[in-house]
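# Tertiary structure, described
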Amino acid sequence: SQTIHQWPATLVQPVGSPLSLECTVEGTSNPNLYWYRQAAGRGLQLLFYSVGIGQISSEVPQNLSASRPQDRQFILSSKKLLLSDSGFYLCAWSGRIYPGGFFGQGTRLTVV
Amino acid sequence: AQSVAQPEDQVNVAEGNPLTVKCTYSVSGNPYLFWYVQYPNRGLQFLLKYITGDNLVKGSYGFEAEFNKSQTSFHLKKPSALVSDSALYFCAVRVQLTGGGNKLTFGTGTQLKVEL
């Protein structure tokens, strides 16, 4: 069966520090991968998506970047965090026979 | 643009009563529609989807949703609510991306509160 792992679950980082959040998927190949941010416990905003290794598309301009070094690995990064980067970050995957999206457990990032 | 709307920020229901969480959609072509549930500080859990076929879709935890093309709605329902159903519910529609692949566009969420 397919599983998605996202870590860490919580993270407190100072302003100006770097960020690396990792997401891996098991049990499927060539998934579409996504990073979403949920602000204020409600709205979900798509940040990045990837349809293959090394292929990254950004939905909104921001202080963050994403990379996909392997088929089932998706990384969200920042060189210097801002206070406004605080939020709940969710990784998700979808596939041809799974047209929806399956989400990781999320990372609560607090920038202080 | 393809979108979904959830007109209610919060829905309150007594345990044992039927519940409905509303969702309307605006899409071109045939919609792929989804419902997710989110518990505090957790990821979204898939409940059910409508792709094609029977308008009444059954999903996890006793939930179901009815696709209504004439009213462009996809309301989530459950015949008898439980306190443990209290959570945040999201409706979503699949949107094709210009770079290939697709994404989910979510509604703003509806907080369901089931009380004894």
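Quick caveat: nothing in here was measured; it's all calculated off a predicted structure.

### Considering the pairing of strand β11 (residues 107–111) of chain A
Residue and element names in this part refer to chain A. Burial along β11 is one-sided: the residues Thr107, Leu109 and Val111 are buried and none of Arg108 and Thr110 is. The pairing of strand β2 (residues 10–13) with β11 spans 4 bridges and is classified as parallel. Within the sheet, the bridge partner assigned to Gln13 lies in β11 and is Val111. Inspection of the sheet shows strand β9 (residues 87–95) paired to β11 by 3 bridges, in the antiparallel sense. The partner of Phe88 across the bridge, within β11, is Arg108.

### Description of unusual backbone geometry
The amide bond that connects A:Trp7 to the next residue, A:Pro8, takes the cis arrangement and shows omega of 0°. As for its placement among the helices and strands, A:Pro8 is situated in the loop between β1 (3–7) and β2. Its identity is not glycine, yet B:Tyr61 carries a phi of approximately 60°, on the positive side. You can see B:Tyr61 is positioned in the loop between β7 (56–58) and β8 (64–68). Positive phi outside glycine occurs at B:Thr72, with the angle close to 45°.

### Describing the sheet that holds β1(A)
All names here are of chain A. Read from one edge of the open sheet, 4 strands run β1-β3-β8-β7, paired in antiparallel fashion. Here the strands that pair on one side only, and so sit at the sheet edges, are β1 and β7 (65–70). In this sheet, neighbouring strand axes are inclined to one another by 20° on average, regardless of whether the strands run parallel or antiparallel. Relative to strand β8 (residues 73–78), β7 runs antiparallel, the two being bridged by 4 bridges. Following the sheet pairing, Ser65 is matched in β8 by Ser77.

### Re the layout of surface pockets
Here the largest pocket is characterised by a volume of approximately 200 Å³. For the largest pocket, the lining is made up of 14 residues, of which A:Gln2, A:Phe102, A:Phe103, B:Leu44 and B:Phe46 are closest to its centre. Considering only residue class, the lining of the largest pocket consists of 8 nonpolar, 6 polar and no charged. When the residues that make up the lining of the second largest pocket are grouped by side-chain class, the tally is 5 nonpolar, 6 polar and 1 charged.

### Comments concerning the packing of aromatic side chains
To describe a pair of aromatic rings, you give the distance between the ring centres and the angle between the ring planes. Residue and element names in this part refer to chain B. This structure, assessed with the given rule, holds 15 aromatic pairs over all chains. With a centroid separation of 5.6 Å and an interplanar angle of 50°, the aromatic rings of Phe63 and Tyr89 are classed as tilted. Here Tyr89 lies in strand β10 (residues 87–96) and Phe63 lies in the loop between β7 and β8, a separation of 26 residues in the sequence. Considered together, Phe63 and Tyr89 belong to a single accessibility category, that of buried residues. Seen in terms of ring centroids, Phe90 and Phe106 are 6.1 Å apart; in terms of plane orientation they differ by 85°. Their pairing is edge-to-face. Here Phe106 lies in strand β11 (residues 102–106) and Phe90 lies in strand β10, a separation of 16 residues in the sequence. Each member of the pair, Phe90 as well as Phe106, carries the same accessibility label: buried.

### A word on the nonpolar core
Core analysis: the biggest nonpolar cluster contains 27 residues, and B:Trp35, B:Leu47, B:Leu48, B:Phe74, B:Leu76 and B:Tyr89 have the highest contact counts within it. Take this core: its biggest share by element is 5 residues, from β10(B). Sequence-distant contacts of B:Leu76, defined by excluding residues within four places in its chain, comprise B:Leu19, B:Thr20, B:Val21, B:Trp35, B:Leu47, B:Leu48, B:Phe63, B:Glu64, B:Ala65 and B:Tyr89. Within the second largest apolar cluster, 19 residues are counted, among which are A:Ile4, A:Phe74, A:Leu76 and A:Tyr89.

Parameters at a glance
- Residues numbered from 1 in each chain as written.
- Chains lettered and ligands numbered in written order.
- Predicted model: local features only at pLDDT ≥ 70, side-chain atom pairs only at ≥ 80, totals over all residues.
- Heavy atoms only, no water.
- Buried < 20%, exposed > 50% of the residue type's maximum accessible area, 1.4 Å probe, protein only.
- Helix = DSSP H or I, 4+ residues; strand = E, 2+ residues; numbered from the N terminus.
- Pairing = 2+ DSSP bridges.
- Axes fitted to C-alpha atoms, helices over the stretch in contact; angles between N-to-C directions.
- 1 Å grid on protein atoms, 1.4 Å probe; cavity = no way out; pocket = protein on both sides within 12 Å on 5 of 7 lines; lining within 4 Å.
- Points joined across faces, edges and corners; volume = space filled by probe spheres on them.
- Nonpolar A, V, L, I, M, F, W, Y, C, P; charged D, E, K, R; others polar.
- Phe/Tyr/Trp six-rings, centres within 6.5 Å; stacked < 30°, edge-to-face > 60°.
- Core = buried A, V, L, I, M, F, W, Y, C linked by side-chain atoms within 4.5 Å.
- Contact = heavy atoms within 4.5 Å.

Everything listed is a geometric property; what it means functionally is a separate question.
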